[in-house]
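Overview (structure and organization)
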Amino acid sequence: MFTSTFVSKSAETTKTLSNLQELEAGLARARSGIRNAARNQTSHEQDKKSIYRNAGEFHWSYSKMEKMFKIYIYEEGNPPLFHNGPYKGIYSTEGMFINGIETSKQLRTRDPDRAHIYFLPFSIKVMVRYLYERDSQDIEPIKRIISEYVDIIARKYPYWNRSLGADHFMLSCHDWGPRTSSSVPLLYKSSIRALCNANTSEGFNPSKDLSFPEINLRKGNLPVLVEGLPPSNRSILAFFAGKLHGNIRSILVQHWKDKDDKILVYEHLPTGISYGTMMRKSRFCLCPSGYEVASPRIVESIYSECIPVLISDHYVPPFSDVLDWSSFSVQVRVNDIPDLKTILMSIPEERYLEMHKNLKQVLKHFMVNDPPVRHDAFYMTVHSVWLRRLNIGINT
């Protein structure tokens, strides 16, 4: 009986190893193909204005992802803390992604030996709702649940220990995503973390972590776009309205509230003035970081065809591994807030019109759809996960 058990386990291990070798070989071919696509882009194509860092490389990589990428979702854990997420509010992309992966026939595999990557399906936002005591600042119960969950899958399956968590990923749009992930050192240092709060001063590592967008679905409904005014009719140079969350917004208000008729900065909009209408009438929409670096204003600006002005020192914008943010946005350091008008006025009209045109093109990458569609925010997030997995080699 001992011999039989040993042979059975050995055969299972051999099968798993063979599958891993096959998966790694496929990923190696994909890496080689992406490098060739990047090299083969002609100088003429490189000179063309584009929203992408390298359009040929992106489209080739995206195509390979669609054909071969498989994700295994650990089935351990019960709703509402697991396999569930918010569907409205500023953290809605967390629920959108969890649901999209759970229901995807294209991406999801039920065979963990056939998976390229493993998803930890917990929701920080839901954990905050059920486990956090208001105003206590105590997130230890959340960190404990995450630690216990990883311990369970590490004991039950071989995959976490095989890679030390490197081919596993978590996703969180909540501000506390980075802090709570520190409960498991390997999750924090080795695993792929998909975060809205992509703050390099708080341990976000662009080489392994990925930034995805914070989108405010206020009532849980999909975005309804209202076309903005054409560039020639946008009379407001720059606009911001919002609460004073964090130091950056305080600095912005200090320098620009009621100081200039071209840069309109409000803490509270006057009665009768619509936030959306103001964005659609503005050339540039100011998107300062609040308590955390991410802001739903960035996507709201894109929806309004208003050039987003990202004001932050440590923020990594969504999908910046493939999107050239300089082609459709302006990034301003906090120390340069006093020079905001000079910076925006110095952008030539031809350049502004090109950025506005690019904004229309990049819109599809920030749309939310149910079910998801090619190149939308869901699939762009998956593609970012795919790129991080390509950077990992698991020893066979």
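None of the values given here were measured: they were computed from a predicted structure. (Residues numbered from 1 in each chain as written. Predicted model: local features only at pLDDT ≥ 70, side-chain atom pairs only at ≥ 80, totals over all residues. Heavy atoms only, no water.)

**Here's the deal with the packing of aromatic side chains**
Definition in use: Between 30 and 60 degrees the pair is tilted, below 30 it is stacked and above 60 it is edge-to-face, where a pair is any two Phe, Tyr or Trp rings, Trp via its six-membered ring, whose centres lie within 6.5 Å. A run of DSSP states H or I qualifies as a helix once it reaches four residues; a run of E qualifies as a strand once it reaches two. Both are numbered from the N-terminal end. Only protein chains enter the accessibility calculation, which uses a 1.4 Å probe; a residue is then buried when its area is under 20% of its type maximum, exposed when over 50%, and partly exposed in between.
One pass over the full model with this rule turns up 23 aromatic pairs. With a centroid separation of 4.6 Å and an interplanar angle of 25°, the aromatic rings of F82 and Y149 are classed as stacked. Of this pair, F82 sits in the loop between β1 (71-73) and α4 (92-103) while Y149 is found in helix α6 (residues 140-156), placing the two residues 67 residues apart along the sequence. The exposure class assigned to Y149 is buried, which follows from its relative accessible area of 3%.

**Thoughts on the UniProt feature "domain: Exostosin GT47" (unreviewed entry) in the protein**
Threshold: UniProt positions are given in the numbering used here, feature names are shortened, and annotations may be inferred rather than shown by experiment.
The UniProt record marks residues 66-347 with the feature "domain: Exostosin GT47" (unreviewed entry), using the residue numbering of this structure. End C-alpha to end C-alpha, residues 66-347 measures 38 Å, and it is 30% helix and 15% strand.

**Section: the state of the cysteines**
For clarity, the threshold we go by: Cysteine sulfur atoms are paired as a disulfide whenever they come within 2.5 Å of each other.
Tallying each qualifying case throughout the model produces 2 disulfides. Cysteine C287 shares no disulfide, and the gap to the nearest cysteine sulfur, in C285, comes to 6.5 Å.

**Section: the layout of surface pockets**
Our working definition: Think of a 1 Å grid over just the protein atoms. A cavity is a set of points where a 1.4 Å probe fits yet cannot get out, a pocket is an open set with protein on both sides within 12 Å along at least five of seven lines, and lining residues have an atom within 4 Å of a point. Grid points are joined across faces, edges and corners, and a volume is the space filled by probe spheres set on the points. Polarity classes work like this: nonpolar for Ala, Val, Leu, Ile, Met, Phe, Trp, Tyr, Cys and Pro, charged for Asp, Glu, Lys and Arg, and polar for all others, with Gly in that last group.
Here the largest pocket defines a volume of roughly 540 Å³. Lining the largest pocket are 19 residues, and of these N216, R218, P223, V224 and Y303 sit closest to its centre. At the level of secondary structure, the elements contributing two or more residues to the lining of the largest pocket comprise α11 (275-281) and α12 (297-303). Take the lining of the largest pocket: its biggest share by element is 4 residues, from α11. For the lining of the largest pocket, a count of residues per class yields 10 nonpolar, 5 polar and 4 charged. What the second largest pocket holds in volume is close to 470 Å³. Lining the second largest pocket are 22 residues, with I90, H245, R249, P296 and R297 positioned closest to its centre. A breakdown of the residues in the lining of the second largest pocket according to their chemical character gives 7 nonpolar, 6 polar and 9 charged.

**Some remarks on the sheet that holds strand β2 (residues 117-119)**
Under the convention used in this document: Following DSSP output, two strands are said to pair if at least two bridges run between them.
Strands sit in the order β1-β2-β3-β4-β5 across an open sheet of 5 strands; the sheet is parallel. At either margin of the open sheet sits one strand with a lone partner, and together these are β1 and β5 (210-211). Looking at chain direction, β1 and β2 are connected through 3 bridges and run parallel. Looking across to β2, one finds that Y72 is bridged to Y118.

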